[in-house]
Amino acid sequence: MLQSLGLDELAHEIYRFALSRQGCRLESLLGGIRAPEDAIRQSVDRLLELSLLRPVGGTLVPARPPLTLRTLLQREHSEILRRHQEFVDLKAAMDRLSEEFEDAQGQGPHAGWERLVSPTEIHARMEHLAAKTTGECVYLLPSDMNGTESLQARRPLDQDMLARGVSVWNIYRESIYNHRAGLAYARWLSRSGGKVGTLPTVPLWFVVYDRTTALVSVDPEDPAAGAVQVTGAGYLACLVALFERLCESMTPLDAPTQPELSEPSPVERELLRLMGQGLTDEAVCKKLGVGLRTVRRMIADVMERLGARSRFEAGAKAVELGWYRPCSCNDDRPQRGKEPRAARRTPETDPSPTVAALV
C-alpha cells in the first residue's frame with residue numbers, strides 16, 4: 001500500500017521505530033534496525049522528503065501523515081484531473097473523425113448494389129459496416145480468403161464486434177485444417193466467443209451484417225475480381241437462407257469427425273456429389289481445396305469400403321446405400337461431346353440418372 005508513496009518495507013519499519021520512541025537519532029536507527037547503512041540513510045531521506053520525519057535538534061521526530069501528505073494528494077488529484085481532460089479531448093477528436101468518415105461513406109450510391117474493386121476499398125467498407133453492426137455478422141469463407149493480410153485486416157474488426165456483444169459466425173471450407181494461419185485464426189475466434197464451423201465445399205465468399213447489408217464476391221473462382229455491396233431485401237433474404245441452410249450441415253470446428261466405418265464423412269458425401277455431377281478429379285480438387293493425390297486416395301478408400309471394383313460400381317452402391325442422392329435435374333443438363341444420356345441408358349447398366357457420371 002505504501003509503495004504508491006515511494007516507501008518500501010524498510011522505510012515503513014524506520015517510521016514505526018521512530019514512532020515507538022517519539023523520535024530517535026540516526027545512530028539509534030543504525031543500531032536498532034538490521035539493514036545496510038546506505039539503505040537506511042536512503043529511506044530516512046525519503047521520509048524527510050515526504051515530511052513524515054522532521055529533524056528537531058538532531059532527533060528524527062515522526063509527523064502526522066494526514067497533514068504532511070495533503071500537498072502530495074492535492075498534486076496527484078490535479079494530475080488525475082489533467083489526464084481526465086486529455087481523455088475527454090481525445091474521445092471528442094475521435095468521435096469527430098468517425099462522424100466525418102461516416103458522412104463521407106454515406107455519400108456513395110448504396111441503394112441496391114455497389115461494385116467494390118480493390119482490396120483496400122473492400123476492407124474500408126468492411127470496417128465501416130462492422131463498426132455499425134449491433135446484432136449479427138456472418139461470414140462464408142473459402143480458404144482463398146484466409147491469407148495473412150486478410151486475417152490481419154479482419155482481426156480488429158472481429159475483436160471489436162465480439163467486445164460489443166455482436167454474434168460472429170464463420171463457416172470455412174474444411175481444407176482450413178491444412179492452412180496454418182487460417183486455422184489459428186478460426187480457433188482464436190472460437191475461443192473468443194465466435195461460432196465457427198466447416199463444410200466440405202463453400203460456394204462463394206460473402207459476409208452479411210445485421211441481415212441488412214452484405215458484401216459478396218463478384219467471381220467465386222477469383223477473389224481478386226472484387227466484391228459488390230448489396231442492400232435489397234430480396235438479395236439479403238437469399239443469402240441469409242443459404243447461410244442458415246449451410247449451418248444445418250456444418251461441422252463445428254475441431255469436433256470429432258471420424259465417422260463409423262459404415263457411414264461416409266461429410267467430405268466423402270461431397271466427393272460423391274461432385275463426381276456425380278461429372279466433374280474431373282482436377283475440378284473436384286479445386287472445389288474441395290485439396291491436392292489431386294488426396295482426392296484419388298479418398299476415391300480409392302470409398303471404393304474399398306463399398307467393395308467396388310470400378311467407379312461405376314461404387315456409384316451404384318453409393319446410391320443404393322443412401323450415401324449419395326442423385327439430383328433429378330442432372331438429366332436435363334447437356335453433356336458436351338457425348339450422346340444424350342437417354343439414348344445410352346439401359347436398366348442393366350444405369351441404375352440411377354447420375355450413376356454414369358461417377359465413372
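This text goes with the structure placed above it.
Residues numbered from 1 in each chain as written. Predicted model: local features only at pLDDT ≥ 70, side-chain atom pairs only at ≥ 80, totals over all residues. Heavy atoms only, no water.

Quick look at the pattern of salt bridges
Quick reminder of the rule: We count a salt bridge whenever a side-chain nitrogen from Lys or Arg sits within 4 Å of a carboxyl oxygen from Asp or Glu. Numbering of helices and strands starts at the N terminus; helices are DSSP runs of H or I of at least 4 residues and strands are runs of E of at least 2.
Tallying each qualifying case throughout the model produces twelve salt bridges. Taking the shortest distance from any N to any O, the salt bridge between glutamate 49 and arginine 46 comes out at 3.1 Å. Taken together, the positions of glutamate 49 and arginine 46, both in helix H3 (residues 37–49) and three residues apart, correspond to about one turn of that helix. Here the salt bridges share partners, and the residues they tie into one network are Glu79, Arg82 and Glu86.

Remarks on the pairing of strand E1 (residues 53–56)
For a regular strand, side-chain orientation follows a simple rule: the groups alternate between the two sheet faces. For clarity, the cut-off: Whether two strands pair comes down to DSSP finding at least two bridges between them.
Both E1 and strand E2 (residues 59–62) contribute to a ladder of four bridges, which runs antiparallel. Paired with leucine 53 across the two strands is proline 62, which belongs to E2. Hairpin connection, E1 to E2: the antiparallel pair is bridged by two residues, and glycine 57 has positive phi, about 55 degrees.

Describing the side chain of glutamate 136
Heads up, the condition is: Definition of a polar contact: a pair of N or O atoms within 3.5 Å, with one able to donate and the other able to accept a hydrogen when the atoms are protein atoms, and with sequence-neighbouring residues admitted only if both atoms are side-chain atoms. Pairs of residues are marked as contacts when any of their non-hydrogen atoms sit within 4.5 Å.
Relative to the helices and strands, glutamate 136 resides in strand E4 (residues 136–141). There is a polar contact of 2.8 Å between the side chain of glutamate 136 and the side chain of arginine 211. Excluding residues within four positions of it along the chain, glutamate 136 makes contact with Val166, Ser167, Val208, Tyr209, Asp210 and Arg211.

Details of unusual backbone geometry
Where we set the bar: Buried, partly exposed and exposed residues are distinguished by accessible area as a fraction of the type maximum, computed with a 1.4 Å probe on protein chains only: under 20%, between the cut-offs, and over 50%, respectively.
Its identity as a non-glycine residue notwithstanding, aspartate 210 has a phi of 55 degrees, on the positive side. Checked against the element boundaries, aspartate 210 lands in the loop between strand E7 (206–209) and strand E8 (213–217). With phi around 60 degrees, arginine 211 is a residue other than glycine that occupies positive phi space. On the secondary structure map, arginine 211 appears in the loop between E7 and E8. Look at arginine 211 and you get partly exposed, because its relative accessible area is 41%.

Describing the sheet that holds E8
For clarity, the cut-off: Axes, fitted as lines to C-alpha atoms, cover a helix only where it is in contact. Angles between the N-to-C directions of the axes lie from 0 to 180 degrees.
The strand order E3-E9-E8-E7-E4-E5-E6-E10 describes an open sheet built from eight strands, whose pairing is mixed. Only two strands of the sheet have a single neighbouring strand rather than two, namely strand E3 (113–116) and strand E10 (251–252). Each of strand E5 (167–173) and strand E6 (195–199) is contacted by helix H8 (residues 180–191), which is oriented at about 150 degrees to E5, the strand it contacts most.

Considerations on the nonpolar core
Just so we agree on the cut-off: Grouping buried Ala, Val, Leu, Ile, Met, Phe, Trp, Tyr and Cys residues that are joined through side-chain atoms within 4.5 Å yields what is termed a nonpolar core.
Met126, Tyr139, Trp205, Tyr209 and Leu215 are the most contacted members of the largest nonpolar core, which has 28 residues in total. Only helix H6 (119–132), E4, helix H7 (148–163), E5, H8 and E7 provide two or more residues apiece to this core. In contact with methionine 126, other than residues within four places in its own chain, are Tyr139, Arg154, Leu157, Trp205, Tyr209 and Leu215. The next biggest cluster of nonpolar side chains, apart from the first, holds 19 residues, and it includes Leu271, Val284, Val295 and Trp323.

Observations concerning the packing of helix H1 (residues 9–20) against H3
Packed helix pairs are specified by the crossing angle of their axes together with the interaxial distance, meaning the distance between the axes. Note the threshold: Roughly parallel means an angle under 35 degrees; roughly antiparallel means over 145; roughly perpendicular covers 65 to 115; every other angle is labelled oblique.
Axis separation between H1 and H3 bottoms out at 9 Å; the angle between their running directions is 70 degrees. On the basis of the axis angle, H1 is roughly perpendicular to H3. Residue-level contacts link Leu10, Ala11, Ile14 and Tyr15 of H1 to Ala39, Ile40, Ser43, Val44 and Leu47 of H3.

Concerning helix H11 (residues 281–288)
The cut-off we apply is this: Regarding the arc, it is the one traced by the directions from the helix axis to the C-beta atoms.
Every buried residue of H11 is listed here: Asp281, Val284, Cys285 and Leu288. Along the axis of H11, the buried positions cluster into a sector of 105 degrees, meaning they face one direction only. Of the surrounding elements, those touching the buried residues of H11 are E5, helix H10 (266–276), helix H12 (292–306) and helix H13 (311–321). At the exit of H11 stands glycine 289, carrying a positive phi of roughly 75 degrees.

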